[in-house]
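Residue-level listing of the chains:
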Protein chains: 2
Amino acid sequence: MDSTDIERDLRQVLEARGQRYTEQRAAVYRFLHGTDVHPTAEEVFLRVRGDLPGISLATVYKSLETLVGCGLAHKLSYGDTSARYDGRTDPHLHARCLSCGRITDVPGRVPAAQLPPPARAGHFRVTGYRVELTGYCAQCDPGEAAEA
Amino acid sequence: MDSTDIERDLRQVLEARGQRYTEQRAAVYRFLHGTDVHPTAEEVFLRVRGDLPGISLATVYKSLETLVGCGLAHKLSYGDTSARYDGRTDPHLHARCLSCGRITDVPGRVPAAQLPPPARAGHFRVTGYRVELTGYCAQCDPGEAAEA
DNA sequence: ATCCTTGCAAAGCATTTGCAGTCAC
DNA sequence: GTGACTGCAAATGCTTTGCAAGGAT
C-alpha cells in the first residue's frame, strides 16, 4: 500500500463518517501509519511540521482524536507520561521501556482463551483485554543497573 | 490484620527507608488498604479528610507516592482519566469499566509462561507484564447499548 | 453557500513543586 | 535540636476548548 492508497483509504473512512479530508489529517495519518515509534502528540507535531509548516499542535491533537475515532489509530495511555499513538492495526503487543518510556512492538499476541473465565469476573462483563510488557529497550538496557 | 497491625507495619517499612511515620500517611494507608474501590487521589483526599480535616490534597499525593515507593500500594495509570491507587498486594487482575472508569478486582492471574518468549522480544529485554481487562461493571452494564 | 476544520490563545485538569512553619525522632 | 513532613499557593505539563477566519464539498 503506497502513499496514494493510504490517502484514498483515509478519505473514504472520513467521508463515511461525514468528516472532511484535509491536508493536516492526511499528513498526520501518513506519518503515523509509516512509523513504528509510537510518537507522542508533540512528536507528531514536530515531524508533520516538516510537511506542513503552518500546522498547530491543537490541530494535531484534533486530528489524532479523529483518527482514533475512525479506528485508524490507537491511543496508548500509560499515565506516567504523555499519551502515545499507534497507526498500525495488525495484532501485536507493546513493550514499554521503564527507563525512557519508548514503546516497542512485539509480534506475538495472547490468546483470549488463556485469560480467566470472562463471564465470571465477579459482576463485571468482560469485553476485551490489553496486555502490556515492561522492561528495557536496546538503548537503555546497557545500563542494566536501573530497576522499576 | 487489624488497624493496629497495619499501622505497625507501615511504621516499620517507613523507618527502614529513613522516612517518618505520620498521621497523614497512616490515614492514607489505612483507607487504601481497607478498600477495594481503587480510588483516585482526590477520592482518597475526600475520604481521609473525614479523619484528618486539615490534610491537604498535596499531602495526599505525596503520601501516595511514598506508599508506592515503599511497595505498599500500586499506582494504576490508564491515562484516560486520573490515576487510581490500589492498596492490596495479593495477586489479582484489574477490570476497567469503559463507561465509568471504575476498577474491579478479578481473582485470577495470567501465568507468565503463556506470554510470548520474553527474551526474544526484538531487542527488548522483558522484565514484567501487565494485563488489564475491559468491559462493563454491574452499575453500567444494564444499559448495554454502549460500546467501546 | 454551507458548515466542517484550522490556528491561535486561553482555559482546564491532574499532578508537582517551593517554601515557611511544624512535627517526629 | 535536626531534618523530614505538611499545607498552602503557585507552577507545570498535557490536553481541550472557544471562536473567528479559512477551506472542503
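The shown structure was predicted, so the numbers you read here are calculated from the model rather than taken from an experiment.

Asks: I'd like a description of the protein's contact with DNA strand D, backed by residues and values.
Replies: Every one of the 19 residues lining DNA strand D counts as a neighbour, but A:Arg20, A:Tyr61, B:Arg20, B:Arg25 and B:Thr59 are closest to it. The sugar-phosphate portion of DNA strand D accounts for 67% of its atoms within 4 Å of the protein, the bases making up the rest. Here a base oxygen of DNA strand D sits 3.4 Å away from a polar atom, N or O, in the side chain of A:Lys62. A distance of 3.1 Å separates a sugar or linking oxygen of DNA strand D from a polar side-chain atom of B:Gln24. Those elements giving two or more residues to the surface near DNA strand D turn out to be helix 4 (57–69) of chain A together with helix 2 (23–33) and helix 4 (57–70) of chain B. A class-by-class count of the residues in the surface near DNA strand D yields six nonpolar, seven polar and six charged.

Asks: Would you mind going over unusual backbone geometry in detail, with residue names and values included?
Replies: Residue and element names in this part refer to chain A. For His-38, which is not glycine, the phi dihedral falls at a positive 50 degrees. Relative to the assigned elements, His-38 resides in the loop between helix 2 (23–33) and helix 3 (41–48). Looking at His-38, the relative accessible area reads 1%, which means it is buried.

Asks: How would you summarise the pairing of strand 3 (residues 93–97) of chain B if you had to cite specific residues and measurements?
Replies: All names here are of chain B. By the criterion of burial, strand 3 is predominantly enclosed, with five of the five residues buried. Burial along strand 3 is two-sided: the residues Leu-93, Ala-95 and Cys-97 and His-94 and Arg-96 are all buried. Across four bridges, strand 3 lies against strand 4 (residues 103–106) in antiparallel orientation. Its bridge partner lying in strand 4, Ala-95 is registered against Thr-104. Between strand 3 and the antiparallel strand that follows it, strand 4, lie five residues; Gly-101 among them carries a positive phi value of about 85 degrees. Pairing between strand 3 and strand 5 (residues 125–136): four bridges, direction parallel. Its bridge partner lying in strand 5, Ala-95 is registered against Leu-133.

Asks: Describe in detail the protein's contact with DNA strand C, supporting the description with residues and values.
Replies: Near DNA strand C you find 19 residues, and of these A:Arg25, A:Thr59, A:Lys62, B:Tyr61 and B:Ala83 are the closest. Residue A:Arg25 places a side-chain N or O atom 2.6 Å away from a phosphate oxygen belonging to DNA strand C. One of the side-chain nitrogen or oxygen atoms of A:Thr59 is found 2.9 Å away from a phosphate oxygen of DNA strand C. Counting only elements with at least two residues in the surface near DNA strand C, the list comes to helix 2 and helix 4 of chain A together with helix 4 of chain B. Here the residues of the surface near DNA strand C sort into six nonpolar, seven polar and six charged.

Asks: A description of the side chain of B:Thr40 should follow, citing residues and the corresponding values.
Replies: With respect to the helices and strands, B:Thr40 occurs in the loop between helix 2 and helix 3 (41–48). Not counting residues within four places of it along the chain, the set of residues in contact with B:Thr40 comprises B:Ser82, B:Ala83 and B:Arg84.

So, how was this worked out
The numbering scheme is per chain: residues are counted from 1 as the chain's sequence reads. All chains are assigned letters beginning at A, and all ligands numbers beginning at 1, according to the order in which they are written. Totals for whole chains, interfaces and linings use every residue, but because this is a predicted model, local features are given only for residues with pLDDT of at least 70 and side-chain atom pairs only at 80 or more, for both listing and counting. Side-chain numbers come from the whole structure's heavy atoms, not from hydrogens or water. Any residue with a non-hydrogen atom lying within 4 Å of a molecule or strand is treated as near it. Polar contacts, as counted here, are pairs of nitrogen or oxygen atoms within 3.5 Å of one another; within protein the pair requires one atom able to donate a hydrogen and one able to accept it, and residues that are adjacent in sequence qualify only if both atoms are side-chain atoms. Secondary structure elements are taken from DSSP: a helix is a run of H or I of four residues or more, a strand is a run of E of two residues or more, and numbering for both begins at the N terminus. Polar here means any residue other than Ala, Val, Leu, Ile, Met, Phe, Trp, Tyr, Cys and Pro, which are nonpolar, and Asp, Glu, Lys and Arg, which are charged; Gly is therefore polar. Residue burial is assigned from relative accessible area. The probe radius is 1.4 Å, only protein chains are included, and a residue is buried under 20% of its type maximum, exposed over 50%, and partly exposed in between. If DSSP finds at least two bridges between two strands, the strands pair. By the convention used here, residues are in contact when the closest approach between their heavy atoms is within 4.5 Å.

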